[in-house]
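Coordinates in review
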Amino acid sequence: MKQTTDYTQTATIPPTEWLESATPQEILRWALTTYGDKLTMATAFGAEGCALLDMLARLRDETGITPDIFNLETGYQFPQTLALCKKIEERYGFSIRRIRPDEGIVAAEEQSKAEHGKPLYKTDPNLCCYFRKVAPLGPAIENFDAWITAIRRDQTASRANAAIVGPDDKFDLTKINPLANWTKDQVWAYIKENDVPTNPLHDQGFPSIGCWPCTRPVAAGQDDRSGRWAGTEKKECGLHIEVNSATLTRASNF
Ligand code: SF4
């Protein structure tokens with residue numbers, strides 16, 4: 001049976017039993033009232049992120065608490081994604097921080113072009129993701145105590161055991177995944193019910209949208225994330241998994 005304790009009254013991380021049965025809005029309300037201006041959210045404006053932003057806007061109106069929100073502007077986001085960012089700011093009155101790549105990307109790109117005549121995303125996508133996403137994330141969240149992400153457990157094997165709330169040892173803060181136990185159908189039902197703006201690329205065969213060089217449309221019935229780094233073993237950018245030591249070693253050379 002669902003517990004009725006009001007965890008918005010305490011900074012203690014609620015018990016797993018409560019978290020697993022709570023709605024995303026209940027989890028977000030707890031996060032807002034617990035962390036206040038020490039709460040941030042990373043979004044690339046996927047369907048899940050858009051649903052969470054809509055929920056946060058409604059909770060802001062209810063609680064008076066506005067969370068920090070940021071986007072990792074890799075330099076390779078689709079024009080449709082950049083337009084959606086502005087649309088969401090206008091619709092909800094949010095001011096979304098754009099986080100630029102780590103300065104190491106300049107030397108890494110130069111070396112890639114000099115040695116291979118190709119951009120880094122072709123020669124070393126892990127290093128490209130490191131400089132454009134992972135490295136900039138640290139400074140982006142260093143003044144916060146908790147961050148919200150939009151991952152779902154059924155997206156990838158590495159996300160299957162994601163906690164709804166738990167420590168993020170890599171970045172030394174609390175990580176909150178309000179949609180961890182939601183399905184894709186639940187996300188889209190929320191979007192339709194609440195007329196949430198989403199990326200028009202979803203209607204063109206892109207269920208999961210990242211940077212344009214590394215994202216392909218997928219055929220009906222294919223895994224939603226099979227269009228990300230298609231044809232390679234790579235499945236994650238590194239924000240939600242440990243970056244491998246070889247990538248860290250290469251990054252340290254720049
Ligand atoms: Fe680079 Fe592709 Fe990663 Fe974007 S997704 S940061 S283009 S490797």
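Along each chain, the written sequence defines residue order, and numbers are assigned to residues from 1. Local features in this predicted model are restricted to residues of pLDDT 70 or higher, and side-chain atom pairs are both shown and tallied only at a pLDDT of 80 or more, whereas totals for entire chains, interfaces and linings draw on every residue. Side-chain metrics rest on all non-hydrogen atoms present in the structure, leaving aside hydrogens and water.

1. With respect to the site of the ligand
By convention in this text, a residue qualifies as near a molecule or strand provided that one of its non-hydrogen atoms is within 4 Å of it. Lining the immediate environment of the ligand, one finds Tyr76, Tyr121, Pro125, Cys128, Cys129, Arg132, Lys133, Cys211, Cys214 and Trp229. Working definition: helices are DSSP H or I runs of at least four residues, strands are E runs of at least two. Numbering for both runs from the N terminus. It is helix H7 (residues 125–141) that contributes the most residues to the shell around the ligand, five residues altogether. Charged means Asp, Glu, Lys or Arg here, nonpolar means Ala, Val, Leu, Ile, Met, Phe, Trp, Tyr, Cys or Pro, and polar covers whatever is left, Gly included. Of the residues that constitute the shell around the ligand, the class distribution is eight nonpolar, no polar and two charged.

2. Points about the confidence of the model for the chain
As a general rule, the predicted coordinates of low-pLDDT regions are not to be interpreted in detail. As a per-residue measure, pLDDT tells how confident the predictor is, with possible values from 0 to 100. Confidence in the prediction of the chain, expressed as mean pLDDT, is 91, and 96% of residues score 70 or more. Between the elements of the chain, mean pLDDT differs from a low of 90, seen in helix H9 (residues 245–251), to a high of 98, seen in helix H4 (residues 79–92).

3. Examining the packing of helix H3 (residues 47–63) against helix H8 (residues 184–194)
Angles here are taken between N-to-C directions and fall from 0 to 180 degrees, while the axes themselves are lines fitted to C-alpha atoms, restricted in helices to the stretch in contact. Between H3 and H8, the least distance of the axes is 9 Å, while the angle of their chain directions is 50°. When the axes of H3 and H8 are compared, the pair comes out oblique. As for the relative orientation of H3 and H8, their crossing is left-handed in sense. Two secondary-structure elements touch here, H3 through Ala47, Glu48, Ala51, Asp54, Met55 and Arg58 and H8 through Val187, Trp188, Tyr190, Ile191 and Asn194. When the residues that make up the contact of H3 with H8 are grouped by side-chain class, the tally is seven nonpolar, one polar and three charged. Each angle is binned into one of four classes, with values under 35 degrees roughly parallel, values over 145 roughly antiparallel, values of 65 to 115 roughly perpendicular, and all other values oblique. Crossing handedness is defined as follows: a turn of the near helix away from the far one that is anticlockwise and smaller than a right angle gives a left-handed crossing, while the clockwise case is right-handed. Throughout, a contact is declared for two residues whenever any of their heavy atoms are within 4.5 Å.

4. Quick notes on the sheet that holds strand S2 (residues 68–72)
Two strands form a pair only when DSSP identifies at least two bridges running between them. Strands sit in the order S3-S2-S1-S4-S6-S5 across an open sheet of six strands; the sheet is mixed. In this open sheet, the two strands that pair with only one neighbour each are strand S3 (97–99) and strand S5 (165–168). Shown here is a sheet whose adjacent strand axes are inclined to one another by a mean of 30°, direction ignored. Bridging between strand S1 (residues 39–42) and S2 involves three bridges; their strand directions are parallel. Counterpart to methionine 41 in the pairing with S2 is isoleucine 69. In the packing of helix H2 (residues 24–35) onto the sheet, contacts are made with S1, strand S4 (146–148), S5 and strand S6 (173–176), and the angle to S6 comes to roughly 160°. With respect to the sheet, H3 is in contact with S1, S2 and S4, its orientation differing from that of S1 by roughly 150°.

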